[in-house]
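Residue-level structural notes
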Amino acid sequence: MNTPAVEVSDLVKSYGSTTAVDGVGFRMAPGSVLALLGPNGAGKTTTVEICEGFLRSDSGAVRVLGLDPAADGSKLRPRIGVMPQGGGAYPGVRAGEMLRLVAACAANPLDPAWLIDVLGLSGCARTPYKRLSGGQQQRLSLACALVGRPELLFLDEPTAGMDPQARRLVWELVSALRADGASVLLTTHLMEEAEALADHVVIIDGGRVVAEGSPAQLTEEHPDAQALRFRARSGMDTGLLVAALPEGCLVSEPSPGGYLVTGTVDPQVVSTVTAWCAQQGVLAEELRVGRRSLEDVFLDLTGRELRS
Amino acid sequence: MTDLPPTGRFTPGTFSPAPGAGAPLRMLRTHARTEAVLTMRNGEQVLLTLLIPLALLVGLANVTVIDLPEPRVDSLVPRVFALAVMSTAFTGQAIALGFDRRYGVVKRLAATALPRWLLVAGRVLGCLAVVALQLVVLGIAAALLGWSPSAVGLVWTVVLGVLGTLSFGAIGVLLGGALKAEVVLALANVIWLVLLLAGGVVLTADTLPTGMADVVRLLPSAALTEGFTDALVHGTAPALSTVAPLLAWGGIAGLVATKTTKLT
Ligand SMILES: Nc1ncnc2c1ncn2[C@@H]1O[C@H](COP(=O)(O)OP(=O)(O)OP(=O)(O)O)[C@@H](O)[C@H]1O
Ligand SMILES: [Mg+2]
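Nothing here was measured: the structure is a model prediction, and the numbers come from that model.

Quick look at the pattern of salt bridges
Considering all chains together, one arrives at 11 salt bridges over all chains under this definition. With its nearest N and O atoms 2.8 Å apart, the salt bridge here joins R208 of chain A to D22 of chain A. Taken together, the residues R208 of chain A in strand β9 (residues 208-213) and D22 of chain A in strand β2 (residues 18-28) connect sequence positions 186 residues apart. Of the residues examined, R208 of chain A reaches a relative accessible area of 46% and is grouped as partly exposed. Among the ionic pairs, D100 of chain B bridges to R123 of chain B, the shortest N-O distance being 2.8 Å. One end of the pair, D100 of chain B, is in helix α3 (residues 72-102); the other, R123 of chain B, is in helix α5 (residues 116-144), with 23 residues separating them in the sequence. Three or more residues joined by partner-sharing salt bridges are found here, namely E35, D100 and R123 of chain B.

A word on the UniProt feature "domain: ABC-2 type transporter transmembrane" (unreviewed entry) in chain B
In this structure's numbering, the residues bearing the UniProt feature "domain: ABC-2 type transporter transmembrane" (unreviewed entry) are residues 75-255 of chain B. For residues 75-255 of chain B, the helix share is 79%, the strand share is 0%, and the end-to-end C-alpha distance is 34 Å.

Regarding unusual backbone geometry
Residues and elements named next belong to chain A. Phi at L65 is positive, roughly 50°, even though this residue is not glycine. Within the secondary structure layout, L65 lies in the loop between β4 (59-64) and α2 (73-76). Looking at L65, the relative accessible area reads 15%, which means it is buried. Not every positive phi belongs to a glycine, and E157 is a case in point at roughly 50°.

Remarks on the coordination of the magnesium ion (ligand 2)
Residue and element names in this part refer to chain A. Taken together, T45 (OG1) and Q85 (OE1) make up the full set of protein donors to the magnesium ion (ligand 2), lying 1.9 to 2.1 Å away. With T45 in helix α1 (residues 44-52) and Q85 in the loop between β5 (80-83) and α3 (95-104), this residue pair connects regions lying 40 residues apart in the sequence. On the basis of relative accessibility, which here comes to 43%, the residue Q85 falls in the partly exposed class.

Focus: the environment of L260 of chain A
All names here are of chain A. Take L260: it is sitting in strand β12 (residues 258-263). With relative accessibility at 1%, the residue L260 sits in the buried group. A sequence separation of 33 residues divides L260 from A227, and the C-alpha atoms of the two residues are 6.7 Å apart.

Topic: helix α9 (residues 220-232) of chain B
Given 3.6 residues per turn, any residue in an α-helix points the same way as the ones three and four places further on. Taking 1.5 Å of rise per residue, 13 residues should cover 18 Å, and α9 of chain B covers 18 Å from first to last C-alpha, within 8% of that figure. The buried count for α9 of chain B comes to 13 of 13 residues, which makes it a mostly enclosed element.

Focus on the confidence of the model for chain B
The predicted coordinates ought not to be read in detail in places where the model reports low pLDDT. Across chain B, pLDDT averages 91, with 97% of residues at or above 70. Here the prediction assigns the complex a pTM of 0.85, and the interface score ipTM is 0.88.

Overview of the sheet that holds β4 of chain A
All names here are of chain A. Spatially, the three strands line up as an open sheet ordered β2-β1-β4, and their pairing is antiparallel. The sheet is open, and its two borders are formed by β2 and β4, each paired with just one other strand. Neighbour-to-neighbour, the strand axes of this sheet turn through a mean angle of 20°, independent of strand direction. Here α1 sits on the sheet and contacts β1 (6-15), β2 and β4; the angle it forms with β1, its principal contact strand, is near 120°.

Looking at the UniProt feature "transmembrane region" (unreviewed entry) in chain B
All names here are of chain B. Within this structure's numbering, the places UniProt gives as "transmembrane region" (unreviewed entry) are residues 46-68, 80-99, 120-147, 153-176, 183-205 and 239-258. As a span, residues 153-176 carries 100% helix and 0% strand, and end to end its C-alpha atoms are 33 Å apart. Measuring from the first to the last C-alpha atom of residues 183-205 gives 29 Å, for a span that is 70% helix and 0% strand.

What counts, and where the lines are drawn
Residues numbered from 1 in each chain as written. Chains lettered and ligands numbered in written order. Predicted model: local features only at pLDDT ≥ 70, side-chain atom pairs only at ≥ 80, totals over all residues. Heavy atoms only, no water. Salt bridge = Lys/Arg side-chain N within 4 Å of Asp/Glu carboxyl O. Helix = DSSP H or I, 4+ residues; strand = E, 2+ residues; numbered from the N terminus. Buried < 20%, exposed > 50% of the residue type's maximum accessible area, 1.4 Å probe, protein only. UniProt positions renumbered as here; feature names shortened; annotations may be inferred. Donors = N, O, S within 2.8 Å, 3.2 Å for Na, K, Ca; no water. Expected span 1.5 Å × (residues − 1). pLDDT = per-residue confidence, 0-100. Pairing = 2+ DSSP bridges. Axes fitted to C-alpha atoms, helices over the stretch in contact; angles between N-to-C directions. Contact = heavy atoms within 4.5 Å.

Here's what the structure looks like:
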């Protein structure tokens, strides 16, 4: 009775000449939370939709709750909950109507009124979908995924466009689902989210798995690699700094004015950085040295450049 | 957002999995009701399904734009009924399906336990409910204009209403399920107008030149108009020549649609 919730191997899917998924494989234990992490266009949605049975892979094997989603879709669908990446409701439908419709499709649904309340939608239960805000639409979509009390949920970017309170609520819901024995496969761009929620993180890029493991495993893979962060004026030319640092150290500015130095950060490196800042006539604020975060791992693996 | 719950409010066990499909009849009822309610709530749909047929009925009964045998309302009702069925089951249905696909609604519903046959049945039943409402409203308006059909004619009208809805519905699903939403919108409206003007609805087939009439009689619009005319004007069962095209169009469109209908 230890069938994996999801088991995928050597999955390949192309759209014309674009290979969206190029040999993805992973295994998700029942009752666990798995995060698919990757930049835009990495192949997350494609992978998830193959697992849901909406897309057919060109090759590779997929088992979801022990079933083949392409062939046994009608057996699988009553057991899963799906939150697609955007959309999924009639433009004119009221939030409450939509949720009641989805609830009617399940044998033992949660009470739609209660769920509307929990998700903070009571004030707009009678509002047509097209007039809900982006975050409210997302919350309704999440409610639709939850309402049938599924044993496995696919949440494609569940917190995209949500305010911090709503995001926190989603985190709480995912934790409660897991505690109650449901399995959750979610996709996200937020390292913080993957780190907080997932038992297992699968990082994909360009349609391939580039790393996987628990958040702790992923960040500890290179225990000597550390990160130095500081804040200063944005857009400084870091060429001279890179030249002055020992080989293997990388400098980047992941957010405007937020600088990151990775590599073996020893006292010499710290002093080089502060000396360089002094030369530039800027004060390095919030300077700190720490272990790499999942975000650093992610950026190292997937590159720091924005790609089209 | 002030109305979110305080943290830690979920009692353990709240989300314990209890999956399974709902009762088919309940799914069908809820889906069909939602479809019908959404149609009636949509202003453009109400214009298409109710206001235009109503305006044609009242207008043509009182203004002599086209030659009609007296009483004018008697020969108008079959045409207006056919138009009403065509508007809802074909044009309205195709456009709604095109945009529902665009907005991910069809996929959303397909991701639930709703079986595929129910996904179609719910829409069709929703259409039937709207058509029933249309025919009742148009019938009342016609009665106020002096129309008095026979009981036999009314029974055949119900049968033809169902057959016409299924037939036009299949063509609507074929169109709305295969193409991009904007293309569906344009085509569904153009076809509606062409069928209305040249498809044996406003001008019935027997008023057209012979060669053209034979072709037009094969169209579902002319077939349904003539079927309603048999039932309501002559008080007889619809001729086979009116039922056969409806069955053929519906059957073929339905078969092709099972192959071409896409979820998105
Ligand atoms: N219907 C489609 N037709 C053609 N190409 C597609 C289609 N859907 C996705 N792609 C391509 O496949 C690749 C993977 O897309 P996918 O949607 O799976 O990425 P993703 O990881 O979910 O990205 P995001 O984080 O932006 O949601 C992209 O290069 C995308 O352009
Ligand atoms: Mg995606």
